[in-house]
Amino acid sequence: MFSDIRPMSLLVFRRPLAVIATAMMLGSAIVAPASAAEFTDAQKAALGPIIRDYLVQNPEVVRDAIAALDKKQKDDEETRRLQAVDTSSSDLFNSPYQATLGNPSGKVTLVEFFDYNCGYCKRALDDTAKLLKSEPELKVVLKDFPVLGPGSVEAAQVAGAVRNQFKGDKFWQYHYKLLSSHGPVGKAQALSVAKDLGADMDQIVKDMDKPEIRAGIQQNMQLADMLSLTGTPSYVVGKDVVVGAVGYDELKGRVDNNLRCGKAECS
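All values derive from a computational prediction rather than experimental measurement. As a convention, each chain's residues are numbered from 1 in the sequence order in which they are written. In keeping with the model being predicted, local features are shown solely for residues with a pLDDT of at least 70 and side-chain atom pairs are shown and tallied solely at 80 or more, while totals for entire chains, interfaces and linings include all residues. The side-chain figures draw on all heavy atoms in the structure; neither hydrogens nor water molecules are used.

1. Side note on the pairing of strand β5 (residues 240-243)
Here's step 1: A pair of strands is treated as paired once DSSP finds two or more bridges between them. Numbering of helices and strands starts at the N terminus; helices are DSSP runs of H or I of at least 4 residues and strands are runs of E of at least 2. As judged from the four bridges shared by strand β4 (residues 234-237) and β5, these two strands associate in the antiparallel manner. By the bridge assignment for β5, Tyr235 is matched with Val242.
Here's step 2: Where β4 folds back onto β5 in an antiparallel hairpin, the turn is made up of two residues, including Gly238, whose phi is positive at roughly 65°.

2. So, the packing of aromatic side chains
Here's step 1: Stacked, edge-to-face and tilted labels apply to pairs of Phe, Tyr and Trp rings (six-membered ring for Trp) whose centres lie within 6.5 Å, assigned for plane angles under 30 degrees, over 60, and everything in between, in that order. Summed over all chains, the structure comprises four aromatic pairs.
Here's step 2: Aromatic pair Phe114 and Tyr116: ring centres 4.9 Å apart, planes at 80°, arrangement edge-to-face.
Here's step 3: Look at Phe114 and you get buried, because its relative accessible area is 2%.
Here's step 4: Charge over a ring is defined by NZ of Lys or CZ of Arg lying within 6 Å of the ring centre and within 35 degrees of the ring normal. The ring of Tyr120 has Arg123 sitting right over it, with the charged end atom 4.7 Å from the ring centre.
Here's step 5: Across from the ring centre of Phe166, 5.1 Å away, lies the NZ or CZ of Lys170, which sits over that ring. Burial classes: relative accessible area under 20% of the type maximum marks a residue as buried, over 50% as exposed, and values in between as partly exposed (1.4 Å probe, protein chains only).

3. Considerations on the side chain of Gln219
Here's step 1: Structurally, Gln219 is set in helix α10 (residues 211-226).
Here's step 2: In this structure Gln219 comes out as buried when scored by relative accessible area, which is 13%.

4. Section: the packing of helix α6 (residues 150-163) against α10
Here's step 1: Where α6 contacts α10, the two axes come as close as 9 Å, and the packing angle between them is 120°. Considered as vectors, α6 and α10 are oriented oblique to each other. For the pair α6 and α10, the sense of crossing is right-handed. Facing Val153, Ala156, Gln157, Gly160 and Ala161 of α6, the residues of α10 in contact are Ile213, Arg214 and Ile217. The axes used here are C-alpha line fits, helices contributing only the stretch in contact, and every angle between their N-to-C directions lies in the interval 0 to 180 degrees. Small angles under 35 degrees read as roughly parallel and large ones over 145 as roughly antiparallel, with 65 to 115 read as roughly perpendicular and the rest as oblique. What makes a crossing left-handed is the near helix being turned counterclockwise from the far one by less than a right angle; a clockwise turn instead makes it right-handed. Any two residues whose heavy atoms approach within 4.5 Å at even a single point are treated as in contact.

5. Here we look at the state of the cysteines
Covalent bonding between the sulfur atoms of two cysteines defines a disulfide.
Here's step 1: Any two cysteine sulfur atoms within 2.5 Å of one another count as a disulfide. The final tally for this structure, using the stated rule, is one disulfide.
Here's step 2: Two residues share a disulfide in this structure: Cys261 and Cys266, whose sulfurs sit 2.0 Å from each other. Handedness of the Cys261-Cys266 disulfide follows from its S-S torsion of about -90°: it is left-handed.
Here's step 3: Here Cys261 falls in the partly exposed class, since its relative accessible area comes to 33%.
Here's step 4: Relative accessible area serves as the criterion here: at 27%, Cys266 is assigned to the partly exposed category.

See below:
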């Protein structure tokens, strides 16, 4: 187990006043004809009731401002994620610490961040399976993102060791069997599945505690942080980040669009 894995003059016109009111309500700084320091104490005292009365009479101003702020935050987050995908593309798509399935030279890559104890990941497992069968030009990358406790970290370590022996379809068998198992998953369960599939168990035990296995998990944690991933499963389809178990149809649509026009949405 390892612990390092984690201001404004008194304006009375409707539009300027709305801007002033909204800015004060949301605690935002805005550009205005004068700074707050240029107000007299009397102006400052008068401004509060004016703003309050305006907002009481026009509450939709706050609603619209909150909606605009929410959209801006989402747009900013999407921009940060796109930049993160670009700057970390090597580690994201071609790291030695990952399992690669499907077509290794596929035109579109789907990266899945998962946790072996994640119930949503278990339900989304068949989405990945269907994509592998239906999309011959798809490369699938599996990245351990063990965020649900010590057992998840143990399972990720064992899986990292199993990747040294099992590649492609053989590792997919291991991954599918372990992720679809019932109950909590930890070291014992991960080792048991490896044994059932004929792994060299002595080598698995040796490999699972090697520094490179821990480095791989740490790299995945750092990638997830850069991409602002808030849970599992999370995906990167082409350059687009998708958080949550969105279902097969959503994922397939994004894959198909990337194949058609190189983006998640085609015009």
